[in-house]
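Working through the structure, step by step
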Amino acid sequence: MSDQRQRQVDAIRRHIGEVENDLVDELVAGRIDRREFLRRGSVLGLSLSSLGVLAGCAAPNVTRVSPPQTKPPKAGGTIRTGIVAPAAALDPIMISDEGGLAVLGQSAQYLVWSDKNLTLRPVLAESWTHDHTGRVWTFKIRRGVSFSDGTPMTAEDVAATFNRLSDPKVGSNALSNFDGVLSKGNTKAIDPYTAQFTLDAPNGNFPYLVSSDNYNSVVLPKNYDGGWDKTFLGTGPWKLESFTPNQGVSYGRNPRYWGQPTVAERSEVTFYAEEQAQTLGILGNQVDVVAHYSVSGGRALITNPDVRTTQFRSSSHRQIHMRTDKEPFADKRVRQAMALLLDRRALVNGLLATKSDYGNDSPFAPVFQSTNQSVRQRQLNVAMAKQLLEAAGKGAGFSTQLLTLTHFELPDLAQVVQNDVSVAGINLKLSILDPGSYYGSSKFGTSPWLDSTMGITDYGHRGVPNLLLTAPLSSKGPWNAAHFRNPQYDQLVAHYVAALDLGAQRAAAGKIQELLLDETPVMFPYFYYFLTGARLNVSGVETTAMGHVDLSRAGFA
Amino acid sequence: MTRFIAKRLGLGLITLWLLSVLVFFGTQVLPGDVARRILGPFASPSAVTALNKQLGTDKSVFVQYLNWITGLFHGDLGTSVATRTSVSSIVFPALWHSAKLAILAFIIVVPLGILGGVLAALYEGRFRDRLISVGGLSATTVPEFVWSVVFILVFALWLGILPSTATAPPGSGFLTQIEYLVLPALCLVFVLFGYIARMARAGTIESLEADYTRTAVIKGLPYRTVVRRHVLRNSLLPTIAVVATQAGYLIGGLVAIELVFNYQGIGQVLYRAAIQKDFPVLQSAVLIVGVVYLVATLLADLAYSLLNPRIRFESSS
Amino acid sequence: MSSFGEPIGSSVTAADSPAVAEPTVGPGPDEAKVIRREHLALLLRSKTFIAGALILGFWIVCAIFGNLIAPDDPLRTNPVAALQAPSSAHLFGTDTLGRDVLSRVLVGARDILIVAPLATLLATAMGTLLGLVTGYFRGFVDDSLGRLIDAILAVPVVIVGLLSMVALGPSTVTVIFVIAVVFTPVIARTVRAAVLSEVQYEYVAAARLRNERAPYILFGEILPNVMGPVLVEFTVRLGYAIFTIATLSFLGFGIQPPAPDWGLQIYQHYGLISGGYWWPVLFPALAIASLVIGVNLLSDGISQAFER
C-alpha cells in the first residue's frame, strides 16, 4: 500500500471505535475477506468512503468477488413482475408474509437496505453510530425526502414509526423482532434530522432491525392512521397507479422521488396464488420477472434457456422438531440417531437440485457472517444411528406421527424423512395439514404445530440468527415446538446477542452450535438458496433473501 | 303453468334458505381462528385478539348468522376478512369472469355437440357414430385439470400461439380477451361435448323413429327437410335442458381449470376463500353458486315439462 | 362426464309428475327368475359390457397383486434420481422423489378400487333408503327431505371436500364421507322415481290390504323390484366417484401422500409439465381415464340389458 494510502487508513483508524478497529485487524490478518469486512463494517456504521479506503488493507491472498459485467438497461418500458400473492390485507404494520412485504417495498422505504449479501446500505438514514455500550444507536436522517403525498419526512416521522411498531397495544408483526430489544417511547427525534434509539440491552446487530430485513419498518408519516392500501403511501421511487386486490398493482414513476428516477417507466406487479401459474406466467411471457421461485414449484425454470436465474444464499430453512419432553424423543440419543439417519446429500442434490447449503442442526446458516465455520458438518451415518438407538433401548424401532403442512416442498421432505428413518425400523405416520390447521392458534395447547411430537415447519429468511436462536429454542420461546429447556443454551444465546465484535459472536456461535449438535432438539436439514428468474432481455432486478424485489434499476436491454 | 312456476319458485326459496344455514354453520365447524389466519402463525397474540374483536368474530354464532342474513337483505354481503374489501367487489366480478368463460364454452360446445349428436344418430351403428360416441365419452372421462395442462403445454408452450393464462392484461379489447379465454374454454368443450352429443343423439334417434317422421317421409318430403324441420326441433329441447343443468356445474365447479390458468373466476374465489377461511366470502360465494344452480335447475325442469306430448302433436302437419 | 354435473334424468324426472299408469299385475316370482336369467345372458353377449369388464378386471388384478407385479417399491424415495425420463430401467420414468412411476401406477389401483366402491356403496345404501322413504311416504316427509337434498346438491363438491378435510382431518375416511354426502341425494332421487312407479303396481296395494307393516313393504316387496335401477345407479356413480376422488386429490383434499393415488400423483406433478416432465402426469391420467371408461362401459352394458 502506498504511503499516502497508509496515512489515510491511519487517520481513519484513529477516529473509529475499538470494535471497528478490531474488525480492521481481522481484515489485515486475513481472518475475514473483503466482502465480510464491508458487510460487518456497514453494520457498525462506518461510512462507505471510509470502508472503501479501509478495504485496501485486505490481505493479498483474499480473492475479490466482482459482480458480473452486464450492459446497463435502457430507460423506459414496463416491467412486469410476478410475486406470490399477498396473504392478507396490505397493512404495513401487520404484514407478515412475503407477498405483502414485496408490495410494501415498492413504494415505501426503510432507514437501511439489507442487500442479498446482507450488506447494509443507507437509504432514508445517511449514517449511524453507536455508543461504546452498544445500547444507544444514533441515526442521521436524509434531508430533502418527502412522502408521495407531498409531506416532507423528518426524524419525527422516524421516531413515530418505530414507537408505533414497538407498541404492544398496536400489535405489529415487528414486535417479534423488537421484543426485549426496543421498547415503546425509546425512539426519539433529537433534532429534525437525527433519530436516537435507546435499546433495552446491548445489541450488536441492531441496524438490521431497522433495515428492510425488519420489513414492517417502512417509514410512515407521524400522523399515519391506517388505510395504506388505498394510497400506498411512502418515500419510494414508485408511485401507485392502480390496485386490484387479489390481482396486482401497477406503478408509475414517483415524480417527487429524492433519488435517481426509475429506469423503467412503469411497473406492473402480478399476484400469483399458485407457483405453477407463476412458472407458466414467465414461460408464456406474461411476466418478465419472477421475484422468487422455489425448486419444487419452478423446476422448469432452472434449465430453461429463455430464463436467467440468479441465486444467492439465504437462511430460509425447514425445522424438523422433536419433542424433548416426551416419548419417543426424550432421550437425546434417539434425537441424534434421527439426525444421523437423514441423507442430507440426497436432499440438497435431489430435492433441492443443488440450490441449497447443508444445514447442521442449528440456526447458524452458512450465509450468516457470525456462523462458526470450524464446527464439523453432521453426515449420514446409519451404523452409528442404530448403535445410539440400541443404547437408548429402541433398537427395535418405534412408531410415531410426523406432522407437516402443504407448503412448497414440505410434503416431499416429509416423505423422504419417512423413508430415510425406516431403515432403522422407525415408522413415521404422515399427517399433512393445510397451513391454517397446522398452526392452529399458535398457542401451546391449541396448536398442532406446537403440540405435535414431531413436525416440519417452514421458516423464512432472516438477516441475523437472533430471532431464530430465541423464539424456537429458548426456554420461554413462543415458537419452541420441541419444548427444549436448556439453561446453558439460554445463557450462551444471551452472550451471542450482546456480543458486538465478530470474534466474540463467532466464539459464542461455536459453543451454541456444538451444544445443539449434542442435544439436537430440532433438525435443520438445509438452508436453501433464493432464486429469482428473469427473461434474458431484462436486467437490473435486485432481490433479497427476505423477499424484497427492487425494480427501480430494472429495465430492458 | 303459472301455478307450477310459483310452486317451484317457492320451494326454491326454501332450499336457498336451507343452503344458507348449511353453509354458514358448516363453515363454523372449521377450526382455527380467523384473525390468526389473517395475521399468520408468527404474529403476536395481542394483535390476534385485537383483530378478532375488530372483526366481530368473538360474538355468538347465532348472532353472527342473523347479522349476515339481515345484511344480505340489504344487499350487503359483508367484508372480506382477508383483503378487507367488500365481498361484493370480489364475488360479482368473479362471477362475471366465470360467466364469460361459460358463455364462450357454450357457444362452442352446444352447436358442436348437437351437430355431433345428430350426425351420430343419422349414421347410427356405423363408424361415424362409433367415433363420435366413444370419442366423446373418452374425452369427458379425462379430468378437466389434465386437459388444462395438456392444452397449455401444446398450445402455449410448444406452439406458442395462445397465452398460458386466462387473465388478459387490464384494458384489453374484446378480441384479446377471447384469445386468452380460448384454452380454458376448450377444456370445458372437451369435457361437455360427449355429454351433449349423447343427449342429442338419443333425442334424434327417438324422433327419427317416431310416427310423425315416418308420416312426413311417406308424404314425400325430402329426408333433409324432414331432419331439419322435425327432428332437429325435437332433439333441441332435451339438449337445452341438459345445458341448463350444466350451467350450475360450470359456474361453481371449474376450480381446477381456474387454478391452472390463474383466472379470477368464482371457482377460484371459492377455493381461496375456503383455504383462507375467509367466511364472508365463502358463504356468499357458495350461496351465489347455489342460486345459479337452482335457477338453472328450475329452467331445466321448465324446459323438460314443456316437452309434453303437446309439442309432438304440434309438429306433425 | 363431469364430477359436478348431473345427467338430466336424475334432477328432472324426479319432478312431480310420475307416469300415470293403471295398476297392473306385476311379474310373478317364477317369471321374475326367468327375466333375471335373460338379463344375465344379454349381459354376457353385450360387447360394451365385456370391454368394460376386461378393463376393470385388469385394474382389479393390479389392485390385488400390485406389489407382486410392480418392478420397484412404489414408496421408496430416491431424491437424487428424481424426474428421470422413461428408460429401460424405469419404463414410465421416475417422479419428483425418484420413485418408479410404473410401480406407482400399478399399485395406485388399490387405493382407488377400495375407496371408490366403498364410498359408492355407502352412498347407494343411504340413497336407496332415502329414496324408498320419500317415494313411499310422499307428503311432508318427501317435500322437506327433497328441499334438503336440493340444498346439499347446490353446494359444490370442492367446498364439501375442503370443509370435510379441514374439519375431520385429511384421510381416506374423510374422502369416503365426502363422496357419500355428495352422491346420496342424487341416488335418492333416482330411487324415488323408481319407487313412485313401483307403487302403482297391484302387489303393493295387496300388501297394504294384508296389513303388512311399512318396513316390510319397503324392504320386502318394493326393494327387490327396484334393484335393477339401483344397480345401474351404483355403476354409474362408481364412475363419477373415481373421477371425483381424482379431482379431490388434485386439489389436495383427497387421499394423502405418500399413497400412490393417481389423482395425487397428478396434483404433485402437473406444474412440471412446463419443464418437459410429462411422464409423471400422463401415465396416471391414462390410468384414471381407462378405469373410468371401463366402469362406464360396464354400466352402459348393464343399463342396456336391464332396459330390454
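What you see is a predicted model, and the numbers here were worked out from it, not measured in a lab.

**Structural notes on the overall build of chain A**
Helices and strands together make up the secondary structure of chain A, namely 20 helices and 22 strands. By principal-axis analysis of the C-alpha atoms, chain A measures approximately 70 × 55 × 50 Å. With 557 residues in all, chain A has 62% of them scored as buried. The contacts of chain A with a sequence gap of at least 6 include a subset with a gap of at least 24, amounting to 69%. Accessible surface computed for chain A: about 20,600 Å², of which carbon and sulfur atoms make up 50%. Put simply, chain A has 54 plus and 52 minus side-chain charges, and the middle of one group is 3 Å from the middle of the other.

**Things to note about a nonpolar patch on the surface**
Together, Ile60(C), Val61(C), Ile64(C), Phe65(C), Leu68(C) and Ile69(C) give the surface a local cluster of nonpolar side chains, amounting to about 590 Å² of exposed area. Among the residues examined, Ile64(C) registers a relative accessible area of 57% and is labelled exposed.

**Describing unusual backbone geometry**
A cis amide bond links Glu327(A) with the next residue in sequence, Pro328(A), at an omega value of 0 degrees. Residue position: Pro328(A) is located in the loop between β12 (307-322) and α12 (332-341). With an omega of 0 degrees, the peptide bond running from Pro257(C) to Pro258(C) counts as cis. Turning to its location among the elements, Pro258(C) is positioned in the loop between α9 (214-250) and α10 (262-269). At Thr354(A), a position not held by glycine, the phi torsion is positive, near 65 degrees. Topologically, Thr354(A) is positioned in the loop between α13 (344-351) and β13 (356-358).

**Focus: the packing of helix α5 (residues 87-122) of chain B against helix α8 (residues 174-208) of chain B**
All names here are of chain B. As a packed pair, α5 and α8 sit with axes 5 Å apart at the nearest point and diverge in direction by 35 degrees. Pair α5 / α8 crosses with right-handed handedness. For the contact of α5 with α8, the class distribution of residues is 27 nonpolar, five polar and two charged.

**A short note on the packing of helix α8 (residues 202-209) of chain C against α9(C)**
When two helices pack together, their arrangement is captured by the angle between the axes and the distance separating the axes. Residue and element names in this part refer to chain C. Viewed as axis vectors pointing N to C, α8 and α9 meet at an angle of 170 degrees, and their least axial separation amounts to 11 Å. As far as their axial angle goes, α9 and α8 are roughly antiparallel. Where α8 abuts α9, its residues Tyr203, Val204, Ala207 and Arg208 lie against Ile217, Glu221, Ile222 and Asn225. For the contact of α8 with α9, the class distribution of residues is five nonpolar, one polar and two charged.

**Digging into helix α6 (residues 155-165) of chain A**
Residue and element names in this part refer to chain A. Of all eleven residues that make up α6, ten are buried, and the element is covered over most of its length. Listing the buried residues of α6 in full gives Ala155, Asp157, Val158, Ala159, Ala160, Thr161, Phe162, Asn163, Arg164 and Leu165. Contact partners of the buried residues in α6: β5 (136-141), α7 (175-178), β6 (187-191), β7 (194-198) and α8 (206-209).

**Focus on the pattern of salt bridges**
Residues and elements named next belong to chain A. Summed over the entire model, instances satisfying the criterion amount to 21 salt bridges over all chains. Between Lys222 and Glu156 there is a salt bridge, with the nearest N and O atoms lying 3.7 Å from each other. Placement of Lys222 in the loop between α8 and α9 (228-231) and of Glu156 in helix α6 is noted, with a sequence separation of 66 residues between them. By relative accessible area, Glu156 is classed as partly exposed at 43%. Across the pair Asp331 and Arg333 runs a salt bridge, and its minimum N-O distance is 3.0 Å. Of the residues examined, Arg333 reaches a relative accessible area of 32% and is grouped as partly exposed.

**Focus: the sheet that holds β5(A)**
Residues and elements named next belong to chain A. Sheet architecture is open: four strands sit in the order β4-β5-β7-β6, paired in antiparallel fashion. Both outer strands of the open sheet, β4 (125-130) and β6, are each paired with one neighbouring strand and no more. Strand-to-strand twist of the sheet, defined as the mean angle between neighbouring strand axes without regard to direction, takes the value 25 degrees. Of the pairings in the sheet, the one linking β6 to β7 comprises four bridges and is antiparallel in character. The partner of Thr187 across the bridge, within β7, is Phe197. The sheet strands contacting α6 are β5, β6 and β7, and the helix crosses β6 at an angle near 170 degrees.

**Side note on the pairing of β5(A)**
Residues and elements named next belong to chain A. Of the pairings in the sheet, the one linking β4 to β5 comprises five bridges and is antiparallel in character. By the bridge assignment, Ser127 is partnered in β5 with Lys140. The loop that links β4 with its antiparallel partner β5 comprises five residues; one of these, Gly134, has a positive phi angle of about 85 degrees. Bridge count for β5 against β7 is five bridges, and the pairing is antiparallel. Paired with Lys140 across the strands is Thr194, a residue of β7.

**Topic: the nonpolar core**
Core analysis: the largest hydrophobic core is formed by 144 residues, its most contacted members being Trp59(C), Ile222(C), Trp262(C), Ile266(C) and Leu291(C). Here this core takes 15 residues from α9(C), the largest share from any one element. When we break this core down by domain, the ones giving at least three residues each are domain 1 (31-76) and domain 2 (91-316) of chain B. The contact partners of Trp262(C), leaving out residues within four places of it in the chain, are Trp59(C), Arg104(C), Val105(C), Gly108(C), Ala109(C), Ile112(C), Pro284(C), Ala287(C), Ile288(C) and Leu291(C). In this structure, Tyr215(A), Phe368(A), Leu428(A) and Leu467(A) belong to the second largest nonpolar core, which totals 138 residues.

**So, the interface of chain B and chain A**
On the side of chain A, 36 residues touch chain B, which itself brings 31 residues to the contact. Across the chain B to chain A interface the summed buried area is about 2,700 Å²; carbon plus sulfur atoms make up 58%. Remark: the boundary between chain B and chain A carries zero salt bridges. Our enumeration of links across chain B and chain A arrives at one residue pair in polar contact (both at pLDDT 80 or more). At the level of elements, α2 (34-39), α3 (45-55), α7 (144-158), α11 (255-260) and α12 (266-276) of chain B are the ones that each hand at least two residues to the side of chain B that touches chain A.

**Describing the confidence of the model for chain B**
Residue and element names in this part refer to chain B. Chain-level statistics for chain B give a pLDDT mean of 76 and a share of 80% at 70 or above. At the low end of the mean pLDDT range in chain B sits helix α14 (residues 309-315), at 40; at the high end sits α5, at 86. The ipTM, which scores confidence in the relative placement of chains, is 0.76 for this predicted complex, and the corresponding pTM is 0.81.

**Structural notes on the domain arrangement of chain A**
Much of the literature gives interface size as the accessible area that the parts lose upon coming together. When cut into domains, chain A gives domain 1 (3-57), domain 2 (109-229), domain 3 (236-313 + 530-556) and domain 4 (317-528). A C-alpha centroid distance of 35 Å is found between domain 1 of chain A and domain 3 of chain A.

Calculation criteria
- Residues numbered from 1 in each chain as written.
- Chains lettered and ligands numbered in written order.
- Predicted model: local features only at pLDDT ≥ 70, side-chain atom pairs only at ≥ 80, totals over all residues.
- Heavy atoms only, no water.
- Helix = DSSP H or I, 4+ residues; strand = E, 2+ residues; numbered from the N terminus.
- Buried < 20%, exposed > 50% of the residue type's maximum accessible area, 1.4 Å probe, protein only.
- Contact = heavy atoms within 4.5 Å.
- Areas by Shrake-Rupley, 256 points an atom, 1.4 Å probe, with all protein chains shown as cover.
- Lys, Arg positive; Asp, Glu negative; His and termini not counted.
- Charge placed at Lys NZ, Arg CZ, Asp CG, Glu CD.
- Patch = residues over 30% accessible without salt bridge, like charges linked within 9 Å, V, L, I, M, F, W, Y side chains within 5 Å.
- Salt bridge = Lys/Arg side-chain N within 4 Å of Asp/Glu carboxyl O.
- Axes fitted to C-alpha atoms, helices over the stretch in contact; angles between N-to-C directions.
- Left-handed = near helix turned anticlockwise from the far one by under 90°.
- Nonpolar A, V, L, I, M, F, W, Y, C, P; charged D, E, K, R; others polar.
- Parallel < 35°, antiparallel > 145°, perpendicular 65-115°, else oblique.
- Pairing = 2+ DSSP bridges.
- Core = buried A, V, L, I, M, F, W, Y, C linked by side-chain atoms within 4.5 Å.
- Domains from an automatic or database assignment.
- Buried area = accessible area lost by both parts, 1.4 Å probe.
- Polar contact = N/O pair within 3.5 Å; in protein donor to acceptor, adjacent residues only side chain to side chain.
- pLDDT = per-residue confidence, 0-100.

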